[in-house]
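Chains, contacts and geometry: an overview
For reference, the chains in residue letters:
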Amino acid sequence: MPMIKPGFWQFFIHRLPTTLLLFSAIILIAACSKTLPRKDAEKQLKAFDNELITLFDQLSESEGLRLLNHLLSVNNLPLPLLNFVESNPATASAYHFSEHAGIYRVDTLTMQAIKIASSDAVLVYFPYLSRNDSMAYLRLTNYQSKMTKWGTEVPTSMNMKLGISDRVLFSLDLKGEVKHNIPTKMNVEMKLAQYNLKLRLRSLLNKQTARFYLRVDLKNSVHDILRSKVYMQHDVSNPAGSMLENTKVSLKSFPVSIRVLIDNGAINPASTNFMEEFNQYTRIRVASQLSGASLGEVDLMEREGQAKLHYALSFSDSSSVFLEDLMLSYKYLMNLRYPDVPVSRR
């Protein structure tokens, strides 16, 4: 066996970082250059679709979501942020927690919340038949908020629980910061059924630019359901408002990963051909988590006989399919309106 000179190891170790970087780059380029045949790509998209459908079904069948939706039918519910579902939220007044604090009972004939006692929290009792009790409750504590430069009320502290008897069926905990009238930090944790949603917002500000970094993680009791990172850059040099310049999104949900890049500042809002403008400055790429291979790219396309535009996935063989024809969950996502409860497919 030939002798290896001692200087070889010094040279190898010295060059190791460069060698590893080059090796990683070769693997990455090879993975990105791979594309899946249409049949295999469709299989992975349908597996992704099944993940979403399972999520919708379990949420729509959860007692916590039915309870929340029932509560939202109360006409004068003393809660903040309900102006998000109003037709003209710009005219809604700011929510003052101290003015709404108290104990309420809901009159089922009028669906009005009637204040019956004072309290340092907002506590709403309302009839709801269940196996454990005939009365449900909502408790809101520690609510604080600030207004942003866009005229939107943003909570900076909030704890909310919704339950029946000693069972908490929905909870929301929030901590945030607003500086210079712009949200700079927010931590949100929400629990519903067997799902736990965590949201983290961070921002970097200067006189010209506001950069927002958002992370969303959704888990159940067994595994991760969805992981997403969002980056948005705004031009805030105009005191009267801001303009979104670009957006980056990465999303992973088994078995696919999705990357979105939008040059928002380049899109001409006055263009007479929005589809062409959108597709020119937007890239939506779908890849496999299993192999890193590309499934295809998503574009807006016209559909014969329909006025509105539709998203379609183009495959490596230049064929394409409208997402609504491939994914059962697509129509629900496109028509999602708060506070509607997801409708089970069963």
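The preceding data block contains the structure.
In this report, the structure presented in the accompanying data block is examined. Note that this is a predicted model, so its numbers are computed, not measured.

Take the nonpolar core next. Counting residues in hydrophobic clusters, the biggest one holds 68 residues, and the most contacted among them are F126 and L140. A per-element tally of this core places helix 2 (residues 38-60) first, with seven residues. Discounting residues that sit within four places of it in the chain, F126 has contacts with L67, H70, L71, V106, S134, M135, A136, Y137, L138 and L162.

The next thing to look at is the environment of S288. Locating S288 in the fold gives a position in strand 13 (residues 282-288). With relative accessibility at 2%, the residue S288 sits in the buried group. With 243 residues separating them along the chain, S288 and L45 place their C-alpha atoms 9.2 Å apart. Residues in contact with S288, not counting those within four places in the same chain, are L36, Q44, P255, A293 and L295. In terms of polar contacts, S288 uses its side chain to reach the backbone amide nitrogen of L290, at 3.0 Å.

This paragraph deals with the packing of aromatic side chains. The geometry of two aromatic rings is summed up by the distance between their centres and the angle between their planes. Inspection of every chain in the model, using the stated rule, returns five aromatic pairs. For the ring pair F97 and Y143, a centre distance of 6.5 Å and an interplane angle of 40° mean the geometry is tilted. One end of the pair, F97, is in helix 4 (residues 97-100); the other, Y143, is in strand 4 (residues 135-147), with 46 residues separating them in the sequence. Y143 matches F97 in its accessibility class, with the two residues each being buried. A ring pair is formed by F278 and Y311, whose centres lie 6.3 Å apart and whose planes are at 70°; its orientation type is edge-to-face. With F278 in helix 5 (residues 274-281) and Y311 in strand 15 (residues 310-314), this residue pair connects regions lying 33 residues apart in the sequence. Classification of Y311 as partly exposed rests on a relative accessible area of 26%. Taken together through their ring pairs, the aromatic side chains of Y95, F97 and Y143 make up a single cluster.

Procedures and definitions
Residues numbered from 1 in each chain as written. Predicted model: local features only at pLDDT ≥ 70, side-chain atom pairs only at ≥ 80, totals over all residues. Heavy atoms only, no water. Core = buried A, V, L, I, M, F, W, Y, C linked by side-chain atoms within 4.5 Å. Buried < 20%, exposed > 50% of the residue type's maximum accessible area, 1.4 Å probe, protein only. Helix = DSSP H or I, 4+ residues; strand = E, 2+ residues; numbered from the N terminus. Contact = heavy atoms within 4.5 Å. Polar contact = N/O pair within 3.5 Å; in protein donor to acceptor, adjacent residues only side chain to side chain. Phe/Tyr/Trp six-rings, centres within 6.5 Å; stacked < 30°, edge-to-face > 60°.

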